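If you want the building blocks of each chain, they are given just below.
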Amino acid sequence: MNSPDNNTSIPFTEAEKIILRWDSTASEDARERMIFESDRHEVDLYLQAVDEIQRSISSASLSDDPSSDKVNSAVQIAMARLEDEFRNILISHTLPIDSTDFHDPDASSSSSSSSPSFSLPPHDTVTANNDDDSSHHQQQQFLRFNSEGTTDSSVNSGRRSSYRSTSSIREIDLIPSEAVYDLRCIAERMISSGYLRECIQVYGSVRKSAVDASFRKLGIEKLSIGDVQRMEWEQLEAKIRRWIRAAKVCVRTLFASEKKLCEQIFDGVGTCIDDACFMETVKGPAIQLFNFAEAISISRRSPEKLFKILDLHDALMDLIPDIDIVFDSKSSDSIRVQAAEILSRLAEAARGILSEFENAVLREPSKVPVPGGTIHPLTRYVMNYISLISDYKITLNELIVSKPSTGSRYSGDPSTPDMDFEELEGKTPLAIHLIWIIVILQFNLDGKSKHYKDASLSHLFIMNNVHYIVQKVRGSPELRELIGDDYLKKMTGKFRQAATSYQRATWVRVLYCLRDEGLHQSGGFSSGVSKSALRERFKAFNAMFEEVHRTQSVWLIPDSQLREELRISISEKLIPAYRSFLGRFRSHIESGRHPENYIKYSVEDLEDAVLDFFEGIPVSQHLRRRSN
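Note that the coordinates shown come from a computational prediction; the quantities given were computed from them, not determined experimentally.

1. Quick look at the overall build of the chain
Phase 1 of the analysis: Of the regular secondary structure elements, the chain holds 23 helices and zero strands.
Phase 2 of the analysis: Buried positions account for 51% of the 628 residues belonging to the chain.

2. Remarks on the packing of helix α16 (residues 429–449) against helix α17 (residues 455–475)
Phase 1 of the analysis: For the pair α16 and α17, interaxial distance at closest approach is 9 Å and the crossing angle is 160 degrees. Compared by their axis directions, α16 and α17 come out roughly antiparallel. Note that α16 runs across α17; the crossing there is right-handed. Packed against α16, whose contacting residues are I438, L441, Q442, L445, D446, K448 and S449, the element α17 presents S458, F461, I462, N465, V466, I469 and V473 at the interface.
Phase 2 of the analysis: Taken together, the residues that form the contact of α16 with α17 break down as eight nonpolar, four polar and two charged.

3. Topic: the pattern of salt bridges
Phase 1 of the analysis: In total, this model carries 36 salt bridges according to the counting rule given.
Phase 2 of the analysis: The shortest N-O distance in the salt bridge between E198 and R197 comes to 3.6 Å.
Phase 3 of the analysis: On the basis of relative accessibility, which here comes to 53%, the residue R197 falls in the exposed class.
Phase 4 of the analysis: The closest approach of N and O atoms between E546 and K600, which form a salt bridge, is 2.8 Å. Linking E546 in helix α20 (residues 531–552) with K600 in the loop between α21 (560–590) and α22 (603–610), this pair joins segments that are 54 residues apart in sequence.
Phase 5 of the analysis: Take E546: its relative accessible area is 30%, and that puts it in the partly exposed class.
Phase 6 of the analysis: Classification of K600 by relative accessible area gives partly exposed; the value is 43%.
Phase 7 of the analysis: Taken together, the shared-partner salt bridges in this structure form one network comprising D51, R184, E188 and R189.

4. Some thoughts on α21
Phase 1 of the analysis: The terminal C-alpha atoms of α21 lie 39 Å apart, and with 31 residues this falls more than 12% below the ideal 45 Å at 1.5 Å per residue.
Phase 2 of the analysis: Along α21, the sharpest change in direction is near 45 degrees and occurs at R584.
Phase 3 of the analysis: One side-chain oxygen at the N-terminal end of α21 lies 3.2 Å from the backbone nitrogen of Q561; it belongs to D559.

5. Describing the side chain of H313
Phase 1 of the analysis: Topologically, H313 is positioned in helix α12 (residues 306–326).
Phase 2 of the analysis: In this view, H313 contacts L343, L346, A347, T395 and L399; residues no more than four positions away in its chain are not counted.

6. Some remarks on the packing of aromatic side chains
Phase 1 of the analysis: Across all of its chains, the model carries 23 aromatic pairs by this definition.
Phase 2 of the analysis: Relative to F266, the ring of Y203 lies with its centre 5.1 Å away and its plane at 90 degrees, an arrangement referred to as edge-to-face. Within this pair, whereas Y203 is found in helix α8 (residues 196–218), its partner F266 is found in helix α10 (residues 233–266), the two being separated by 63 residues in sequence.
Phase 3 of the analysis: The exposure class of Y203 is buried, given its relative accessible area of 0%.
Phase 4 of the analysis: Here F278 and F327 contribute two aromatic rings whose centre-to-centre distance is 5.5 Å and whose plane-to-plane angle is 40 degrees, an arrangement assigned as tilted. Here F327 lies in the loop between α12 and α13 (333–363) and F278 lies in helix α11 (residues 273–297), a separation of 49 residues in the sequence. No difference in accessibility class separates F278 from F327, as the two residues are buried.
Phase 5 of the analysis: A connected cluster of aromatic rings, assembled from ring pairs, spans Y502, W507, F541, F545, Y578, Y601, F613 and F614.
Phase 6 of the analysis: Cation over ring: K259 sits above F278, and NZ or CZ is 5.2 Å from the ring centre.
Phase 7 of the analysis: The ring of Y512 has R515 lying over it, and the distance from NZ or CZ to the ring centre is 3.6 Å.

7. What about the environment of R509?
Phase 1 of the analysis: Within the element layout of this structure, R509 appears in helix α19 (residues 485–512).
Phase 2 of the analysis: Accessibility expressed as a relative area gives 47% for R509, which makes it partly exposed.
Phase 3 of the analysis: Remark: the alpha-carbon pair of R509 and F541, spanning 32 residues in sequence, is separated by 9.0 Å.

8. A look at the packing of α11 against α12
Phase 1 of the analysis: Following both chains from N to C, one finds α11 and α12 inclined at 160 degrees, their axes separated by 11 Å at the closest point. As judged from the angle between their axes, α11 and α12 are roughly antiparallel. The chirality of how α11 crosses α12 is left-handed. Listed contacts from α12 to F278, F290 and I296 of α11 are I309, L312, L316, I323 and V326.
Phase 2 of the analysis: Partitioned by chemical class, the residues of the contact of α11 with α12 number eight nonpolar, no polar and no charged.

9. Quick word on the side chain of E16
Phase 1 of the analysis: By secondary structure assignment, the location of E16 is in helix α1 (residues 12–21).
Phase 2 of the analysis: Judged by relative accessible area, which is 12%, E16 ranks as buried.
Phase 3 of the analysis: When neighbours within four sequence positions are excluded, E16 is seen to be in contact with I53 and K70.

10. Quick notes on the confidence of the model for the chain
Phase 1 of the analysis: The share of residues in the chain with pLDDT of 70 or more is 82%, and the mean pLDDT across the chain is 84.
Phase 2 of the analysis: At the low end of the mean pLDDT range in the chain sits helix α6 (residues 161–165), at 35; at the high end sits α17, at 97.
Phase 3 of the analysis: Below pLDDT 50 for its whole length, residues 108–114 participates in six contacts with residues either more than four positions away or in separate chains.

11. Concerning the environment of S38
Phase 1 of the analysis: Of note, S38 is situated in the loop between α2 (28–32) and α3 (40–63).
Phase 2 of the analysis: If we skip the residues at most four places from it in the chain, S38 touches W22, R33 and V43.
Phase 3 of the analysis: Among the polar contacts listed, one links the side chain of S38 to the backbone oxygen of M34, at a separation of 3.2 Å.

12. Quick look at the environment of P429
Phase 1 of the analysis: Here P429 shows up in helix α16.
Phase 2 of the analysis: For P429, a relative accessible area of 26% translates into the label partly exposed.
Phase 3 of the analysis: Spatially, the C-alpha atom of P429 lies 9.0 Å from that of E398, the residues being 31 residues apart in sequence.
Phase 4 of the analysis: The contacts of P429, once residues within four sequence positions are left out, are N397, I400, V401 and S402.

13. A look at unusual backbone geometry
Phase 1 of the analysis: One non-glycine residue, H594, adopts positive backbone phi at about 45 degrees.
Phase 2 of the analysis: Of note, the phi angle at F614 is positive, near 65 degrees, even though the residue is not glycine.
Phase 3 of the analysis: Relative to the helices and strands, F614 resides in the loop between α22 and α23 (619–627).

Rules behind the numbers
Residues numbered from 1 in each chain as written. Predicted model: local features only at pLDDT ≥ 70, side-chain atom pairs only at ≥ 80, totals over all residues. Heavy atoms only, no water. Helix = DSSP H or I, 4+ residues; strand = E, 2+ residues; numbered from the N terminus. Buried < 20%, exposed > 50% of the residue type's maximum accessible area, 1.4 Å probe, protein only. Axes fitted to C-alpha atoms, helices over the stretch in contact; angles between N-to-C directions. Parallel < 35°, antiparallel > 145°, perpendicular 65-115°, else oblique. Left-handed = near helix turned anticlockwise from the far one by under 90°. Contact = heavy atoms within 4.5 Å. Nonpolar A, V, L, I, M, F, W, Y, C, P; charged D, E, K, R; others polar. Salt bridge = Lys/Arg side-chain N within 4 Å of Asp/Glu carboxyl O. Expected span 1.5 Å × (residues − 1). Bend = angle between axes of the 7 residues up to and from the residue. Polar contact = N/O pair within 3.5 Å; in protein donor to acceptor, adjacent residues only side chain to side chain. Phe/Tyr/Trp six-rings, centres within 6.5 Å; stacked < 30°, edge-to-face > 60°. Lys NZ or Arg CZ within 6 Å of the ring centre and 35° of its normal. pLDDT = per-residue confidence, 0-100.

Laid out in structure tokens, this is it:
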């Protein structure tokens, strides 16, 4: 074994004296001083003495020299001393890691920084009361969200060439090179003397403490799987964001640097000793790190967890190549296997959440109509949710390989919408799932529309909600690409049909009052107009229009453009018909008594009144607004 300076040997007796002089059990001076904190000559002299003792014990074992006990004693003293020196060098040169060493170069582009967060609204957001069974209640609960679009050279360079080529791995020097050299000198002598286990234990205990300190700096807590699963989801969201950042630093910098240090000290000293020391150091912390992700992967599924689970999946997927490189030995198989299994479970959790979400949308049981026929909370939530899903289309298209399990082709089941998946041939699995979610949402909304007693309001409700769906799809390039223009046209036709149905249900009866039939006395038009019939006709129109105005002023169309389009459509039918009717028959009323009781509205009055419609404001407030 080479000494630090040369191959010059010293006599055994001299070597023994040097060993005994530094025996901390026999000398107070030896206890108070450390060899490797002395001048370099003293360090080299001690290492030469150890080398001589080791040569002597080898010779003694071969010749059965009776002095072997003396030699063995000197070796034990030397090894105890070197173990203390080894520990002291590790501790004294384990410098605090600077915060800049924890910089994650991917942090600015990390999906976790912008992933959505959902929170539950008050218990009765959708329904005033709920007498449905408990399973429906549970499904309703987790759908009730109120969200609106929210290096260095190594000893064995050949072995580590690919390790260094990974651009994401960023090693740092954990211990100065001079100290690394001394540690290697000590390790060589301890291991050659049969003190491998002691060397590994000392190294592992000191370096593991350093890793634990780095974990604390990174905010990685010692949490069991049970601890994680008992936490509230809102609390876990912040921990997941922190974990994603920390995991990148741990794998690419902290663990990689620990591996580098092990190789610098132990590579070539013995078979796989560097791997053994590396695992002694990082196995526990690595398990602690990945246990958190594992706990999330097997936790109870609910819709609000999907995006953080996808963030975890993407982060871990990105780390897998680095994990495979850093933990590339047979002794670290368990770490690679654990990471791969967690990735698989996260993928399965994401698929399961999507499937359960589809079922929940289909079965959401609220029955109390939303006031004014406006957009249902379920519609807002579902569309915001799938819009966010589309942001993860690359990941989900890889994870989803099958059609929705709740879907069927013309099932005939009245509780499930019919859908021919053959019409969607050529679309990605994710696109099919998203279209299916929209289909079942509309199916659920159709059911909710039946709870309105007024047919006109029922049609307005469908119009509002389907229009909202269309606008959300149009407003998201990713979602529009997935859904496709063909299905978008189909939905556009649906809300326009609902608008037409609303107008028929409301205004056919009103416009019927403005017909000529029934106003002329028998004998033909030339026989004259029946004033009594005409008065009744005006009275009927006034009453109907006032009732429509009173009720539909408090109905609501949230989209200003849609509201204006429907008002224009109403005016185009109502105003010309009323103007014509008034022009033909005004003189017959005005020539009689109290004409103001029958002709209550001018054309301008009707035009102004139509502007009150669908504002969600009672008529009295409209009148006060005009008077002011």
